[in-house]
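Each chain, letter by letter, is given below.
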Amino acid sequence: MTNLDQTRDGAASSLPPAGQEAVPLYGPRFSQRPGDLYRELRQRYGPVAPVVLEGGVPAWLVLGYREVYHVASNPQQFARDSRRWNAWSEIPDDWPLMPYVGYRPTVLFTEGEEHRRRAGAISDALAAVDQFELTAICERTCDELIDGFAGRGAADLITEYAHRIPVRVVVRLFGMPDADLPALIHDIAVSLDEGEEAVAAHQRTVARMRQLVAGKRQQPGPDVPSRMLAHAAGLSDEEVALDLLMVLASAQQPVANWIGNTLRLMLTDDRFAITLAGGRRSVSEALNEVLWEDTPTQNFIGRWAVRDTRLGGRHIRAGDLLVLGLAAANADPSVRPDSSPGTSGNHAHMSFGHGEHSCPHPAPELAEVIARSAIGVLLDRLPDAALAVGADELRWRPSVWMRGLFSLPVRFTPAG
């Protein structure tokens, strides 16, 4: 029995992933103060806790930093193909979390050599992005958005700014014409909201990606789709289209929430407030602290056990679903015994995942360019921006996966 198979007191034990002792990973308390729930789960169960997802669906939440690292480092034991799930017979077709779990032939669900082939093409295509050009695209995009509300003296920095930036930047890296942006941005937003129109919006977005790839096959350019099509991996047009959609969706919510959560920190925390006037703490410090304290992707679904095993003192059955608790792992006292928020220079967080299914290189670097540019431009343009409501009035979206605000209203001196 390894250290990963021990409970907090050293005794091995087993609990079912559902039932009376499983804890709901949803609801108002979870959405507003998930950190409190993670701490209680860790104290009660140790590094692996039985939970139920929305709709009473059973899963294991991996809370421990070492345990998350172990699961993410062992794809032969904890795999990504969701068709392994032993609970499919109990899952309704209209389950709200189906978009995150239902198998699709994208790089996200591939394994082994096939995953390395697909992920390698994405990484190489992204590595060719010129970061100076990316910064220029970001700054131009941010200026355009700020121009739309600067004269009012008030804005919602979530809906009018943070959530509009990533998709605008990424589709420009895809070489799409600006005329296509409004419809695409609308459909991506609708599909991510998981409302009644989500499926239709998703299908329209897939169709646009297929159309884009067909056009790039005929007329390649200096863009991500063309580089993926020309890659030695020999991806089919359908593979490129589906993986481009995955890149686009993966960038939108996490980067938008990274921007929004960092702006919230800088507007509400006295340690960073002076930065709004060009003071002492850097934007990079605030961005890094958010990845530790309010990481945009707080949980990731997930991994499926290939065979019976033990983890954190729990008996994990073949086909069980494991949710990677990235936010909980970042707060694990075994790696962060000092709970103070100071994290300057420490980049060992789990916010981009770990292992072969982590965010592909150099996507985290490109995401930081986008986020840093968005905050820098805003501070340059609106240096006296201040929160228009009390910090305790801000409300978090009720998502088990994403950590982000509904709105971030601010006031500032109107500018031309």
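Just so you know, these numbers come straight off a predicted model, no measurement behind them.

Chemist: How should the confidence of the model for the protein be read in this particular structure?
Modeler: Low pLDDT marks regions whose predicted coordinates should not be analysed in detail. Looking at the protein, pLDDT values average 88 and 89% of them are 70 or higher. Confidence drops under pLDDT 50 across residues 1-16; counting only partners more than four residues distant or on other chains, this segment forms 40 contacts.

Chemist: Would you mind showing me how to read helix 2 (residues 34-45) here?
Modeler: Residue pairs three or four apart in sequence face the same way in an α-helix, which turns once every 3.6 residues. With twelve residues, helix 2 extends 16 Å between its outermost C-alpha atoms, agreeing within 8% with the 16 Å of an ideal straight helix rising 1.5 Å per residue. Residues of helix 2 that are buried in the fold lie against strand 1 (23-24), helix 1 (28-32), strand 2 (48-53), strand 3 (57-62), strand 8 (314-316) and helix 14 (326-330). Immediately beyond the C-terminal end of helix 2, within one or two residues, lies G46, with a positive phi of roughly 90 degrees.

Chemist: For this particular structure, what's the right way to read the sheet that holds strand 10 (residues 386-387)?
Modeler: Strand pairing within a sheet occurs via backbone hydrogen bonds; the two strands may be parallel or antiparallel. Pairing is antiparallel in the open sheet, where three strands are placed in the order 5-11-10. Two strands in the sheet have a free side with no partner beyond their single neighbour: strand 5 (154-156) and strand 10.

Chemist: Looking at this structure, how should I read the nonpolar core?
Modeler: Counting residues in hydrophobic clusters, the biggest one holds 82 residues, and the most contacted among them are Y161, F174 and M209. Looking at which element gives the most residues to this core, the answer is helix 11 (residues 237-268), with 15 residues. Other than its neighbours up to four places away in sequence, F174 contacts M209, L212, K216, D223, V224, P225, L244, V247 and L248. Grouped together as the second largest cluster of nonpolar side chains are 30 residues, V23, L25, I301 and W401 included.

Chemist: Before we go on, may I ask you to explain the pairing of strand 3 in this structure?
Modeler: On a regular strand, each side chain points to the face opposite its neighbour's, so the side chains alternate between the two faces of the sheet. Burial analysis of strand 3 places five of its six residues in the buried class, the great majority of the element. Taken together, the six bridges between strand 2 and strand 3 define a ladder with antiparallel strand orientation. Among the inter-strand pairings, A49 is bridged to a residue of strand 3, identified as L61. Counting the residues that bridge the hairpin from strand 2 to strand 3 gives three residues, and of these G55 lies at a positive phi of roughly 90 degrees. One ladder, built from three bridges, connects strand 3 with strand 9 (residues 321-324); its direction is parallel. By the bridge assignment, L61 is partnered in strand 9 with V323.

Conventions used here
- Residues numbered from 1 in each chain as written.
- Predicted model: local features only at pLDDT ≥ 70, side-chain atom pairs only at ≥ 80, totals over all residues.
- Heavy atoms only, no water.
- pLDDT = per-residue confidence, 0-100.
- Contact = heavy atoms within 4.5 Å.
- Helix = DSSP H or I, 4+ residues; strand = E, 2+ residues; numbered from the N terminus.
- Expected span 1.5 Å × (residues − 1).
- Pairing = 2+ DSSP bridges.
- Core = buried A, V, L, I, M, F, W, Y, C linked by side-chain atoms within 4.5 Å.
- Buried < 20%, exposed > 50% of the residue type's maximum accessible area, 1.4 Å probe, protein only.

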